[in-house]
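Reading the structure
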Amino acid sequence: MQKPLSIRSATDADSGQVASLIAACWIAYPGCVLDIRGEEPLLRAIASGIATRRGRFWVACHGAWVVGCGGLVPGAAADTAELIKLYVHPRLRRQGLARRLVALAEDEARAWSCARIELWSDTRFGEAHAFYQALGYTRSGAERELHDRSQSREYPFAKALAG
């Protein structure tokens, strides 16, 4: 019998698996480099790091394995939240897991009384852009350059949250 998928709040003990999951997703994109020490230190202690930003972070687990993740932090504006680090293992995509994680984040944003949720997505992640647009997110402005080892450029996406 196959173990069911569960979603729970992340702990710092999940950090290694979260980093491995992100690396497994990025490998499909030439030039994407996951530099935890230099650029993504949050991944060393994911729950503590997100907590310092007054946010929430969830992991989706298949048994003991982290196969999806996503988080929410307060946005730049008082009534805005930012969806961060949404990843699902490539073998488990198109099964509704990412939708479940986004719904969880949107519900949390509503609980924070946010009227809008925003996110940034690397310009190379076309499949993710189509996914976000299918959920009602729209590209909402000019791209930004991160000046990182991956030479990342990102598009902004946003969605108004209904009560």
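Calculation notes
- Here the residue numbers are simple positions, counted from 1 along each chain's written sequence.
- Totals for whole chains, interfaces and linings use all residues, but because this is a predicted model, local features are given only for residues with pLDDT of at least 70 and pairs of side-chain atoms are given and counted only at 80 or more.
- The side-chain values count all of the structure's non-hydrogen atoms but skip hydrogen atoms and water molecules.
- Using only the protein atoms, space was sampled on a 1 Å grid; points where a 1.4 Å probe fits but cannot get out form cavities, open sets with protein on both sides within 12 Å along at least five of seven lines form pockets, and lining residues are those with an atom within 4 Å of a point.
- Grid points are joined across faces, edges and corners, and a volume is the space filled by probe spheres set on the points.
- The helix count covers DSSP runs of H or I at least four residues long, the strand count covers runs of E at least two residues long, and both are numbered beginning at the N terminus.
- The classification used treats Ala, Val, Leu, Ile, Met, Phe, Trp, Tyr, Cys and Pro as nonpolar, Asp, Glu, Lys and Arg as charged, and all other residues, Gly among them, as polar.
- Residue exposure (1.4 Å probe, protein chains only): buried if accessible area is under 20% of the type maximum, exposed if over 50%, otherwise partly exposed.
- Two strands qualify as a pair provided DSSP detects at least 2 bridges between them.
- Here, expected helix span is obtained from the residue count minus one, scaled by 1.5 Å.
- Directions are taken from the helix axis to each C-beta atom, and the arc is the one they span.
- By definition, residues are in contact when any of their heavy atoms lie within 4.5 Å.
- Whenever a carboxyl oxygen of Asp or Glu lies within 4 Å of a side-chain nitrogen of Lys or Arg, that contact is scored as a salt bridge.

Section: the layout of surface pockets
Within this model, the largest pocket holds a volume of roughly 1,200 Å³. If you trace the largest pocket, you find 44 residues lining it, with Lys-85, Leu-86, Tyr-87, Phe-125 and Tyr-132 closest to the centre. Secondary structure elements with two or more residues in the lining of the largest pocket: helix H1 (15-26), strand S4 (80-88), helix H3 (97-111), strand S5 (116-122) and helix H4 (126-134). Of all the elements, S4 adds the most residues to the lining of the largest pocket, at 7 residues. Residues of the lining of the largest pocket, tallied by class, amount to 26 nonpolar, 5 polar and 13 charged.

Focus on the pairing of strand S8 (residues 153-160)
Burial within S8 is extensive, with 6 of its 8 residues counted as buried. Bridge count for S5 against S8 is 7 bridges, and the pairing is antiparallel. Residue pairing for S8: Leu-119 is matched across the bridge by Phe-157. Across 2 bridges, the pairing between strand S6 (residues 138-139) and S8 is antiparallel. Within S8, the position partnered with Thr-138 by the bridge is Ala-158. Where strand S7 (residues 144-145) meets S8, 2 bridges bridge the pair, whose relative direction is antiparallel. Residue pairing across strands places Arg-144 opposite Glu-154, the latter belonging to S8.

Focus on H1
Counting along an α-helix, one turn takes 3.6 residues, and residues three or four places apart therefore face a common direction. A rise of 1.5 Å per residue sets the reference length of H1, with its 12 residues, at 16 Å; its end C-alpha atoms lie 16 Å apart and thus fit the reference within 8%. Where H1 is concerned, the buried positions are Ser-15, Val-18, Ala-19, Leu-21, Ile-22, Cys-25 and Trp-26. Looking straight down H1, one finds that the buried residues subtend no more than 160° of arc, so they occupy a single side. Where the residues of H1 are buried, they touch helix H2 (46-52), strand S2 (56-62), strand S3 (65-74) and S4.

Details of unusual backbone geometry
A positive phi angle is found at Arg-54, which is not glycine, with a value near 60°. In this structure, Arg-94 takes a positive phi of about 65° despite not being glycine. Counting through the fold element by element, Arg-94 comes out in the loop between S4 and H3.

Some points on the pattern of salt bridges
The final tally for this structure, using the stated rule, is 11 salt bridges. Here Glu-127 and Arg-94 are joined by a salt bridge, their closest N and O atoms 2.4 Å apart. You can see Glu-127 sitting in helix H4 and its partner Arg-94 sitting in the loop between S4 and H3, a full 33 residues away along the chain. Taking the relative accessible area as the measure of exposure, Glu-127 reaches 40% and is therefore partly exposed. On the accessibility criterion, Arg-94 (69% relative accessible area) is exposed. Residue Arg-153 is joined to Glu-143 by a salt bridge in which the shortest nitrogen-to-oxygen separation is 2.5 Å. Of the two residues, Arg-153 sits in strand S8 while Glu-143 sits in the loop between S6 and S7, which places them 10 residues apart along the sequence. By relative accessible area, which is 36% here, Arg-153 ends up partly exposed.

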